[in-house]
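Structure at a glance
Each chain is listed here by its residues.
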Amino acid sequence: MLLIAVTGPVGSGKTTLLATLAAWSRAQGFPPDGFLARAVRRASPLLGAAGYELEWVADGRVMPFAERSGTGRPAYVFCADTLNAARAWATGLRAEAPRPLVVLDEFGLLEARGEGHLALWPDLAAADPEVVAISVRTDVLEAVTLRLGRPFDLVIDAEDPGAWEKLRSAYREHRDWMRVGGYGAGAGGLEMSLGSALHGLRIPLRGLLMSSLQASVMTLAGSGLGRRGRVVWVPLIAAGLKALSPAGSRLRPMLAISMQGLLYGGAVTVLGWNALGVGLGGFLVGAWAASQGVVLQWLLVGEHLLRAYDALTGWVARHWHVGAPALGAVIAGWILLWGAAVCAATGVTASRPANASSSRLRMQAHGMRGDDARGRRPRLSATAPAPAAGRR
């Protein structure tokens, strides 16, 4: 779990940053969760508000949260129903899949004393979201850190002009490397299990099948990366895991997987993540799978490879009375055939996420999301920042 603190005094824009991050995450296809504290009747951005509402990031629901007591001690009176809803939400996270992003707004004097939202932390930590971003008042950052029992991985000052870019970059970097690691492990598992089985059984064209799978895995992994060039690490991780394969050869497949990754990554880096870049990447993966054997044999036996081919084609011509093509033509045709096959498999894989995304966008445009149909407030906009009145 990546734990981020967004710090600043009252009115510094902490809530705005968290709201913008949640909207950006949703726009990238990663639904956020958590809550934002929206100020109500604030006379000045630098002063505490007359009250606060809690806005649930997942569905846009708004619940009354706190009202000024009028006596000064305590400064605010909190809504018991909202506090109970927050506890139930945190407890429920344990039984569900880890969230890509959870935002909590905000940790202040109460949390520094071990009260308030801090009661949610044990359940939240046990649920292990991928990224947790918490707005924290600057004057209580050290006390809140001690209460959490672990340091923040990153502290961002909300008043820093580059705060948004730092926050987005940290979130994207973390998601990218988690995705690379997950897909790399999956690709390595394929090589250790299916690859070893195919090699042990000596199934024909097993290299074509495995290279098609590797290209498809890289395409799926790269489609969700903020920096597409990082996809090259997926096959490098798989190649490392191939060393643990229980059967079959290891060194040659490790070389093939690594080279395929470098060729695919080079294609999408130079041409971009588009049909041409992904298609060429898939073609190069297949081409290397077809040509690696010839290249290695040439390195090992050199001109003896040509002599053996000449002897074979001479024998065929004498006994079958047919002409034999030149060695270069045979090799080129074989490479083109494999490259085209893997390119086609890559294209099919690349089209699936795009179709799913298009369908989801069409549903949103027509108001077909279930929560909107039930009359809830619209979710946070991915383009408009949170209103200034909501800053804390």
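Please refer to the structure placed before this passage.
Remember, it's a predicted structure, so these values are computed and weren't measured experimentally.

**Quick look at a nonpolar patch on the surface**
A cluster of nonpolar residues, W177, W233, L236 and I237, forms a patch on the protein surface that exposes about 360 Å² of accessible area. Sort the elements by how many residues they give to the nonpolar patch and helix α8 (residues 233-242) lands first, with three residues. Looking at the secondary structure, you find L236 in helix α8. A relative accessible area of 30% places L236 in the partly exposed class.

**Some thoughts on the packing of aromatic side chains**
All chains considered together, the criterion is met by eight aromatic pairs. Between the aromatic rings of W24 and W164, the centroid separation amounts to 6.5 Å while the plane-to-plane angle is 80°, which identifies the pairing as edge-to-face. In this pair, W24 is assigned in helix α1 (residues 14-27) and W164 in helix α6 (residues 163-201), connecting sequence segments 140 residues apart. Assessed through its relative accessible area of 16%, W24 is described here as buried. Both rings, one in F35 and one in W89, keep their centres 5.8 Å apart while their planes meet at 70°; by these two values the pair is edge-to-face. Linking F35 in strand β2 (residues 32-40) with W89 in helix α2 (residues 80-93), this pair joins segments that are 54 residues apart in sequence. Residue F35 is classed as buried on the basis of its relative accessible area of 0%. Members of the aromatic cluster, joined through ring pairs, are W24, W164 and Y171.

**Re the pairing of strand β7 (residues 131-137)**
Within β7, six of the seven residues are buried, leaving the element largely enclosed by the surrounding structure. Sheet analysis places strand β6 (residues 101-107) next to β7, joined by five bridges and oriented parallel. Across the sheet, residue V102 finds its bridge partner in β7, namely V132.

Definitions and cut-offs
Residue positions are given per chain, counting from 1 as you read along its sequence in written order. In view of the model being predicted, local features appear only for residues whose pLDDT reaches at least 70, and side-chain atom pairs are presented and counted only at 80 or more, with totals across whole chains, interfaces and linings using the full set of residues. Side-chain figures throughout are based on the complete set of non-hydrogen atoms in the structure, without hydrogens or water. Patches in this entry comprise residues that are over 30% relatively accessible and not in a salt bridge; like charges within 9 Å are linked, as are nonpolar side chains (Val, Leu, Ile, Met, Phe, Trp, Tyr) within 5 Å. Accessibility throughout is a Shrake-Rupley quantity obtained with a 1.4 Å probe, and a residue counts as covered only by protein chains that appear here. Every case where a carboxyl oxygen of Asp or Glu lies within 4 Å of a side-chain nitrogen of Lys or Arg is listed as a salt bridge. What counts as a helix is a DSSP run of H or I of at least four residues, what counts as a strand is a run of E of at least two, and both are numbered from the N terminus. Only protein chains enter the accessibility calculation, which uses a 1.4 Å probe. A residue is then buried if its area is under 20% of the maximum for its type, exposed if over 50%, and partly exposed in between. Pairing of aromatic rings covers Phe, Tyr and Trp, the last counted by its six-membered ring, and requires centre-to-centre distances within 6.5 Å; plane angles under 30 degrees mean stacked, over 60 mean edge-to-face, and any other angle means tilted. Pairing between two strands is assigned when DSSP locates at least 2 bridges connecting them.

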